[in-house]
Every structure is written in C-alpha cells, then in structure tokens.
Amino acid sequence: MGKNCFSSRIGYVLAAAGSAVGLGNIWRFPYLTAKYGGGIFLLTYLILILTFGYSLLIAENCLGRMTGKGPIGAFRDLCAGKDSFLGKVSIGGWLNSIAPVIIVPYYCVIGGWVIKYCVAMLTTPISQFHKDATIMVDGVLKDASTTYFTQFITSTWEPILYFLLFAAILIAVVAMGVEKGIERFNKILMPLLVVMCVGICIYCCFLPNAGEGLRYYLLPDKSQFSYMTVVAAMGQLFFSLSIAMGIMVTYGSYFRDDHNLMKSVNQIEFFDTLVAFLAGVMIIPAVFVFLGEEGMRSSGPGLMFEALPRVFAEMGSIGNAVGCMFFVMVLLAALTSAMSLMEAVVASLIDAFGWTRSRATVFEAAVAAAMGAVICFGYNFLYFEAVLPNGSKAQILDILDYLSNNILMPLLAIGTCILIGWIIKPKTVIDEVTKNGERFGRRGLYVVMIRFIAPVLLFVLLRGSVGVFK
Ligand code: PHE
C-alpha cells in the first residue's frame, strides 16, 4: 500500500480547517468574546493567533511532514540517539496520542446531542422551546427548553443511540482512508458549512435591533481587559486550532513534499478565525435581541441546547427552519473535527503496532463506544458531581474535557516546544518549510516564540487552568 497523502493542497487545507472549525468556534468563542470585552478580546486573540498559534501550527505540521509519521513515530525518530533527559521527551508522542483517545468519545457524545437537535428542529414545534413555555415535572413547573435537554441527556438509551449514529458516520469515513474518506468528505462538507454559516449570519444581522447586539459583541470595552483575557484567549486558540493533540502532526504527515506548507498554515488560521468570528455574528445579536444580557451568560451546552432553541422559538414560524439549518451546520463542524481526532488515534495505532487501517479503526471504534456509553450513563445511573480545581462542577464528560484541554494540551505543547526549540532546533523546521524555495514569513518571531515565549505562555496557561488565578 502506498503512503497516505492528501491528493491536493486545498484538500489538505479544508481537512485541517475542518479539524480546527468545531464546537469550540461555535459555543465558546462568541461567549468568551462577549465576556472579555468584545473588540479587546478579538484583538488579543488575533495577535496571539498570528504569533503563538502560528508558531505551533507550523511546528506540528512540520514534525509530521519531516518524519512522514504521526506523533508517536515523529517524536521517537527525532529523539532517537539523544542523551537520556532529552530522549525522554519522546514520551510526548505517546501523550499526544492519548489526548485524542480521551476526546473522541465525548466529542461523539456531544455530536449525538447535535443530531438529536437536528431531528428535534424538524419534528417538535418550535414554540415548545419558547422562553415562557413551561412544563410540569414531578408536580413542579419548569422551564421547557432546559427540561427538554435535561430529560434527553438523562434518559437511558436515547443519548447512546444518537452517539452511536454519530460515531458510525465517523468510523465509516475514517475507515475509507485519508484521500477517499477524510479529504473527500471535507471537500464537500466545509464549503457547505461556510455557505450555511454566512446564510445564517446574514439573516441574524437583519433581525430588529441586531445592531445593538453587534455593538455589544465588537466594541472594545477596556474595563473588561485583564490578565485573564490573555489566558482565556490562549486557551481558546489552542483548542480551536486543534493544536497539541497529535492531529496536526498526523495531518502534516499526509502533506505532500511539493506543496506549500506556509501558505496552507496561513489559510487554516484564516479559516478558523473567520468561522469563529462569524459564529459570534450569528449568535450574539440573536441572543442579545431575544434574551437580553441574561442570555449572554450561557456558553457551551447551555448556550447551544437551551438558550439557542429559545432564540429560534422567538423567531416564530421560521424558527424551526433556522434552527434546523443551524444544527445541521454545527453537525458538519463537529463531524469534520471528530474525523481528525479519530484519524489521529488510528494513525498512532498503525504507527505504534503496525496494524492495518481497518484493524486500527475497529479497535478505536470499540474503545470509543465503550467510553462513550460510560459518558452517556454519567448523566444517568453513574451520575455524580465532582468539583474541578478551577471551581466548576463536573460530570464524567466535563472531567475528560478538563483533563484533555486544560492539563494535557498545554503540557503536550510544552513538549513540542522543547522538541523543536531545543532538541532538533528551530532551523530544522525552517529548512523543511523552505525546501522548495518558499519564503518563511515571520521567521525571527517564530524562533523566539518556539524557544522562549511559547513555553512560558503555556506554563502560565497551565497554571491558570488549574485554578491559580481564580
Ligand atoms: N478545534 C475543534 C473545535 O474548535 C476541537 C478540536 C480540538 C478538534 C482538538 C480536534 C482536536 O471545536
């Protein structure tokens, strides 16, 4: 079997952007922007993405292309023959592969919730989600939209069925391989996603009073700027670009030698930031207009599955259609991200154990199914409430999310910075990028970033996420 490769550069850009554009863009970015001072947050985010995000993105892609291997193989090859301390960094490859093993199941569980809501928007009258609608539960009147979501996730089998449906689509795509599966699907799904996203944005901008919401979203509010703005922007950027998960290393290993890596990385950054920004344009004015400042406080599942259905209900007869289009768009975003996560695991299994693609896919599918079932039951008979070091309450899903994003991701990125900045040296990456005569933009910045600034920033992020600044 020949080496896996994306057949075209655009196929690669769409697949990597597909990985980057996901739930994080839609349910976290708008909320963080609104919370941390609008335009000020946006500016901080842009500066960070062009410096810090860019350096790590290029570094990871290069590790993949240089070695032609996923994270395990790449770290192993590059650390080979180093003295014992530096040689230990090779463990970073394994850790890079563990992170997606943890994320795949819970991302698929949430993907299942999104499918459920696509169906709900088609089959349930939107008025049932109205903010004034109530429902009687055990003799108590409760808010209908929240109750609908709670009843769904706490039921025994329904979440598992939807989870399995989402996972089945993924497994089918990943089993088809890089070019015939991942590339082909991203080439169709990503343009569709952008068209839907722009369509909903235009609709939302014409809502009465949308201007006020947009002002809230975009006008800089300096009083909201703090140290935490930077920490929050950095955490978001990280998750959003799918860095430190072995994903970009894996995708980079499928990047052809004669294609322009620099240009591709810039396009991925642009794509990801654009969709995050548009998600804000789509969500903030609508939530602001219909639910007021109160509604702006929700993020994550609370925003997507409770607040937004209320917003669609306010739109009246068109609410079901707009809601359906929105959830289909979210589904596309979630699918393309989950694809990259699963591919990273499959590639690592192939690398580490020499398995065939089908064997690796079946194995990963079984692990994900078992973990996914436990996560779903976490809202049912395995329910408990833990408190995370940052103070928030958590169930199984939140614990896995916290572990992978707040602990593993920064740690892994520090490992990557050490590998590139101090073991193989930044010049190796520069040589790799420019080997076909391309120009390496922001070169000096890249070197300083990867050796000094990024590790320090990452350390700050790690401390921030274990609750030191709360
Ligand atoms: N980047 C994706 C998002 O914004 C999430 C993700 C993280 C996907 C890590 C893959 C790996 O939602």
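In this text the structure is predicted, and so the values were computed from the model without any measurement.

Undergrad: I'd like a rundown of the overall build of the protein chain, residues and numbers included.
TA: Counting its secondary structure elements, the protein chain contains 19 helices and four strands. Computed over C-alpha atoms, the radius of gyration of the protein chain comes to 22 Å, within 12% of the 23 Å expected from 2.2 N^0.38 for 470 residues, which places it in the range of a compact globule. Summarising its shape, the C-alpha atoms of the protein chain cover approximately 70 × 50 × 40 Å along the three principal directions. Buried residues in the protein chain amount to 59% of all 470 residues. Here the contacts in the protein chain between residues at least 6 apart in sequence split such that 80% fall between residues at least 24 apart. Split by element, the accessible area of the protein chain, about 18000 Å² in all, is 67% carbon and sulfur. Across the protein chain, the centroid of the 33 positively charged side chains sits 8 Å from that of the 28 negatively charged ones.

Undergrad: Kindly report on a nonpolar patch on the surface, identifying the contributing residues and their values.
TA: Together, Ile91, Trp94, Leu95, Ile98 and Phe353 make up an exposed nonpolar region whose accessible area comes to about 470 Å². With four residues, helix H6 (residues 91-123) is the largest single contributor of residues to the nonpolar patch. As for its placement among the helices and strands, Trp94 is situated in helix H6. Take Trp94: its relative accessible area is 42%, and that puts it in the partly exposed class.

Undergrad: For helix H7 (residues 144-154), give the residues involved together with the corresponding values.
TA: For H7, the complete set of buried residues consists of Ala144, Ser145, Thr147, Phe149, Phe152 and Ile153. Buried residues in H7 make contact with H6, strand E1 (134-137), strand E2 (140-143), helix H8 (158-175), helix H14 (300-314) and helix H16 (357-377). At the N-terminal end of H7, a side-chain oxygen is found 3.2 Å from the backbone nitrogen of Ser145, two or three residues along, and the residue is Asp143.

Undergrad: Describe the side chain of Thr250, and please don't skip the residues or the numbers.
TA: Among the structural elements, Thr250 can be located in helix H12 (residues 247-253). Residue classification places Thr250 among the buried positions, given a relative accessible area of 1%. A polar atom in the side chain of Thr250 sits 2.5 Å from the backbone oxygen of Gly246. Residues contacting Thr250, with those up to four places away along its chain left out, are Gly70, Pro71, Glu343, Ala344 and Ala347.

Undergrad: I'd like to hear about the pairing of E2, residue by residue, with values.
TA: The pairing of E1 with E2 spans four bridges and is antiparallel. Across the sheet, the residue bridging to Ile135 is Lys142, located in E2. As consecutive antiparallel partners, E1 and E2 are separated by two residues, and within that stretch Asp138 has a phi angle of approximately 45°, a positive value.

Each value, and the rule that gives it
- Starting afresh in each chain, residues are numbered from 1 along the sequence in its written order.
- In view of the model being predicted, local features appear only for residues whose pLDDT reaches at least 70, and side-chain atom pairs are presented and counted only at 80 or more, with totals across whole chains, interfaces and linings using the full set of residues.
- As a rule here, side-chain values come from all non-hydrogen atoms in the structure, and water together with hydrogens is ignored.
- Here a strand is any run of E in DSSP of at least two residues, a helix any run of H or I of at least four, and the numbering for each starts at the N terminus.
- Radius of gyration: over C-alpha atoms. The globule rule applied is 2.2 Å multiplied by the number of residues raised to the 0.38 power.
- Three exposure classes are used, based on accessible area relative to the maximum for each residue type with a 1.4 Å probe and protein chains only: buried under 20%, partly exposed in between, and exposed over 50%.
- Any two residues having at least one pair of non-hydrogen atoms within 4.5 Å are treated as being in contact.
- For the area figures, the Shrake-Rupley method with a 1.4 Å probe applies, and any residue is considered shielded solely by the protein chains shown.
- Under the counting rule used here, the positive set is Lys and Arg, the negative set is Asp and Glu, and His together with the chain ends is not counted.
- To locate a charge, take atom NZ for lysine, CZ for arginine, CG for aspartate or CD for glutamate.
- Residues enter patches when their relative accessible area tops 30% and they take part in no salt bridge; the joining distance is 9 Å for like charges and 5 Å for the nonpolar side chains Val, Leu, Ile, Met, Phe, Trp and Tyr.
- Any carboxyl oxygen of Asp or Glu that lies within 4 Å of a side-chain nitrogen of Lys or Arg is treated as forming a salt bridge with it.
- Under the rule applied, a polar contact is a pair of N or O atoms within 3.5 Å (in protein, one hydrogen donor and one hydrogen acceptor; residues adjacent in sequence only if both atoms are side-chain atoms).
- Strands qualify as paired when DSSP identifies two bridges or more between them.

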